[in-house]
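Structure at a glance
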Amino acid sequence: MVISGSPLAAQPTPPIAPITTDRLVLRPTELTDAPALEKIRGSEETTRYLSHEALDPIQVRERIASDQARAASSTATVFRHAWAIQLQDSGQVIGEASTWTTRNPPEPGHLEPGQAAFGYVLDPAFHRRGYGSEAARALVEWLFTQRDIRTAFAGVFEPNVASQALLRGLGFTPDLWFSAEQDQSGKGLPSTRFRLDRPDQA
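Throughout this document, residue positions are counted from 1 along each chain, in the order its sequence is written. The predicted nature of this model means local features are confined to residues of pLDDT at least 70 and side-chain atom pairs, given and counted, to a pLDDT of 80 or more, with totals for whole chains, interfaces and linings taken over all residues. Processing note: side-chain calculations cover all non-hydrogen atoms of the structure and skip hydrogens and water entirely.

For salt bridges, the criterion is a side-chain nitrogen of Lys or Arg within 4 Å of an Asp or Glu carboxyl oxygen. Here the structure, examined in full by the defined rule, presents ten salt bridges. The salt bridge involving Arg195 is made with Asp175; its shortest N-O contact spans 3.5 Å. Placement of the pair is Arg195 in strand S9 (residues 191-197) and Asp175 in strand S8 (residues 173-178), with a sequence separation of 20 residues. Each residue's exposure class comes from its accessible area (1.4 Å probe, protein chains only) as a fraction of the maximum for that residue type: buried when under 20%, exposed when over 50%, partly exposed otherwise. Judged by its relative accessible area of 24%, Arg195 falls in the partly exposed class. Close ionic contact of Asp197 with Arg195 constitutes a salt bridge, the shortest N to O distance being 2.7 Å. Each of the salt bridges in this network shares a partner with another, and the network as a whole consists of Asp175, Arg193, Arg195 and Asp197. Numbering of helices and strands starts at the N terminus; helices are DSSP runs of H or I of at least 4 residues and strands are runs of E of at least 2.

So this is what it looks like as structure tokens:
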């Protein structure tokens, strides 16, 4: 895996560089990604375990613009970045991911310094090929090496056993459990927060 760009930089940070893995390129989302993301974030099947309902095309474009604004306001320690997950060989966008320490940079969030969270979603047509694990592994490595994060978190709704298995395969372990009544996304599902500590912090 090759991560382009420099390690932790002075604030404010320049635009983040793409991450290249064996089969994927993860890069900041752009408005030109809207058609691919409409298919993913506009599907009830795909969004049933996300923190939002299916989005219409206007909402998808608004989300991309909002993500770009948040990225522009991010620093090396207080950030939110959205990543398009793209196939290296064809350039096709097959998913999207996020890494964040806060929802609205540069305002700090509820996570402590040295902690960050990430999430991901793939087009169902590309499930069960290892792309999710490949992308998640790359994002965790980016957090650990490029943003000096010591602990990475990922939240998963309880029925989403595939994502739970993916995280466990990367070494994540359950950290906190939330009941359906505690869910703030409107899905009304119990969820688990998984965590992975950087190896040198174990």
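Here the narrative resumes.
Once that is clear, we can look at the pairing of S9. In this analysis, strands are considered paired if DSSP registers two or more bridges between them. As paired elements, strand S7 (residues 151-157) and S9 share seven bridges and run antiparallel to each other. In the strand pairing of S9, Gly155 is matched with Arg193. Inspection of the sheet shows S8 paired to S9 by five bridges, in the antiparallel sense. Paired with Leu176 across the bridge in S9 is Arg193.

Here we take up the packing of aromatic side chains. Between rings of Phe, Tyr and Trp, where Trp is taken as its six-membered ring, a pair exists when centres lie within 6.5 Å; planes separated by under 30 degrees are stacked, by over 60 edge-to-face, and by other angles tilted. Following the criterion strictly, the structure yields five aromatic pairs and no others. Geometrically, the ring pair formed by Phe79 and Trp142 is edge-to-face, given 6.0 Å between the ring centres and 85° between the ring planes. Pair noted here: Phe79 is in the loop between helix H3 (57-72) and strand S4 (80-87) and Trp142 is in helix H4 (residues 131-146), with a separation of 63 residues, a long-range link. Comparing Phe79 with Trp142, the two get one shared label, buried. Counting every residue linked through ring pairs, the aromatic cluster contains Phe79, Trp83 and Trp142. Of note, Arg80 hangs over the ring of Trp100, and the distance from its end group to the ring centre comes to 5.0 Å. As a reminder, the over-ring test applies to NZ of lysine and CZ of arginine, requiring each to be within 6 Å of the ring centre and within 35 degrees of the ring normal. Stacked on the ring of Phe153, the Lys or Arg Arg193 has its end atom at 3.8 Å from the ring centre.

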